[in-house]
Structures are given as structure tokens and as C-alpha cells.
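# Summary of the model geometry
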Amino acid sequence: MTVQALRAVTKAQNGVGAFILQCKRLDFHYCDWAGSSKGMNAFINTHLARFASANPTVELTVSPRPGKHPVIRGTYINGREKAVCVRNMTPHEILEKANYLRGASGEKLKRSGRAGRTVVRSQTESVRGVWSPFHGQQFKV
């Protein structure tokens, strides 16, 4: 009887093994004649080919939207979308926004701190001690 090795199927986990980019598609919408799309038109003519070759795992689509401001819309593997308006931006700023959307996770932003109403629980007692309504002066009615 011969010994045979079992084939192990690896489970993909971000950070362990292989990294999976969360952004699956970037849509670039622009207008041909509007002044606010001037930077987007320059970006498409100069930077888009280099950006596409640097990011082969992301699908890029370019489509005109006549009479509308230019927008970059990112679609993520969790089904969510993020859109960034890039009106009146330079091609370099648009490249930064495209890199931001490519690197984003697609998750909704979560509040933290006081706005998120998170309760902080400490392992040590307060320096002042535990407050009680029976501490301090006694009020007479």
C-alpha cells in the first residue's frame, strides 16, 4: 500500500497568504464640453492608460455623461459602491482620487469616539473614587 498526500485547499484571507483587492471596477464618467470636466478629459488622455496598466485586476470603464459633472464610481466585491465627484480638479488630483477608491475597502465608514457612543470600560478604579449621591454636603430642605 502506497502513501498518498492529500490535496489541501487554501482559504484566502486578506493579510495571510494572498491579498485580494476589494475594488473590482472603477467607472469614469465625464462630459465632452463642460468646463468642470476639463481635468477629467486631460486625465483620460494622459494618465488613464498608465493607471490601467498598473492595476490589471481592476476593470476600468469610461463613459460620457453629457451635461453632468465628472464622477469616479468604485464598485467593490461586497456589493457596495462609492462615488467621488471630481469637478474642476487637476489630472493629478483625479489620479489621487482614483487611487483612493482603488485602495478603499467598500465598507461604510463607522463612527468612533463620542459621536459613535462607544462606552469605555476601564480595568482600574477612578482616581477620584466612585461617586455616590450620599457624598459631600448634606442638603436640608
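Not measured: the values here are computed from a predicted model.

Let's shift gears to the overall build of the chain. The helix and strand inventory of the chain stands at three helices and four strands. The secondary structure elements of the chain, listed N-terminal to C-terminal, are β-α-α-β-β-β-α. A burial count over the chain gives 26% of its 141 residues as buried. The contacts in the chain between residues at least 6 apart in sequence include a share of 67% that link residues at least 24 apart.

This brings us to the pattern of salt bridges. The tally for this structure, following the rule as stated, stands at two salt bridges. With a shortest N-O distance of 3.2 Å, Asp27 and Arg25 are connected by a salt bridge. Overall, the relative accessible area of 26% leaves Arg25 in the partly exposed class. A salt bridge links Arg73 to Glu81; the shortest N-O distance between them is 3.8 Å.

Let us now look at the environment of Pro66. Tracing the sequence through the fold places Pro66 in the loop between β2 (59-64) and β3 (71-76). Here the alpha-carbon distance between Pro66 and Asp32, two residues 34 residues apart in the chain, equals 6.9 Å. With sequence-adjacent residues up to four places away left out, Pro66 is seen in contact with Tyr30 and Cys31.

Here the focus is helix α3 (residues 91-103). An α-helical turn contains 3.6 residues, so a residue and the one three or four places further along point in the same direction. With 13 residues, α3 should reach 18 Å at 1.5 Å per residue; the first-to-last C-alpha distance of 18 Å fits that figure. Of the residues making up α3, those classed as buried are Pro91, Ile94, Leu95, Ala98 and Leu101. Looking straight down α3, one finds that the buried residues subtend no more than 125° of arc, so they occupy a single side. Considering only its buried residues, α3 is in contact with β1 (23-30), α1 (38-46), α2 (48-54), β3 and β4 (81-85).

Residues Gly39, Met40, Asn41 and Phe43 constitute the buried set of α1. Check the buried side of α1 and you find it contacts β1, α2, β3 and α3.

Examined against the element boundaries, Asn55 turns out to sit in the loop between α2 and β2. A polar atom in the side chain of Asn55 sits 3.3 Å from the side chain of Arg102.

Turning next to the sheet that holds β1. Across the sheet, which stays open at both edges, the four strands sit in the order β2-β1-β3-β4 with mixed pairing between neighbours. Two strands close off the open sheet at either side, each with one partner strand: β2 and β4. When strand polarity is set aside, the average angle formed by the axes of neighbouring strands in this sheet is 15°. Sheet topology note: the β1/β2 ladder contains six bridges and is parallel. Across the sheet, Tyr30 pairs through a bridge with Pro64, a residue of β2. Most of the contacts of α1 go to β1, to which it runs at about 125°, and overall it touches β1, β2 and β3.

The rules we used
- Residues numbered from 1 in each chain as written.
- Predicted model: local features only at pLDDT ≥ 70, side-chain atom pairs only at ≥ 80, totals over all residues.
- Heavy atoms only, no water.
- Helix = DSSP H or I, 4+ residues; strand = E, 2+ residues; numbered from the N terminus.
- Buried < 20%, exposed > 50% of the residue type's maximum accessible area, 1.4 Å probe, protein only.
- Contact = heavy atoms within 4.5 Å.
- Salt bridge = Lys/Arg side-chain N within 4 Å of Asp/Glu carboxyl O.
- Expected span 1.5 Å × (residues − 1).
- Arc of directions from axis to C-beta.
- Polar contact = N/O pair within 3.5 Å; in protein donor to acceptor, adjacent residues only side chain to side chain.
- Pairing = 2+ DSSP bridges.
- Axes fitted to C-alpha atoms, helices over the stretch in contact; angles between N-to-C directions.

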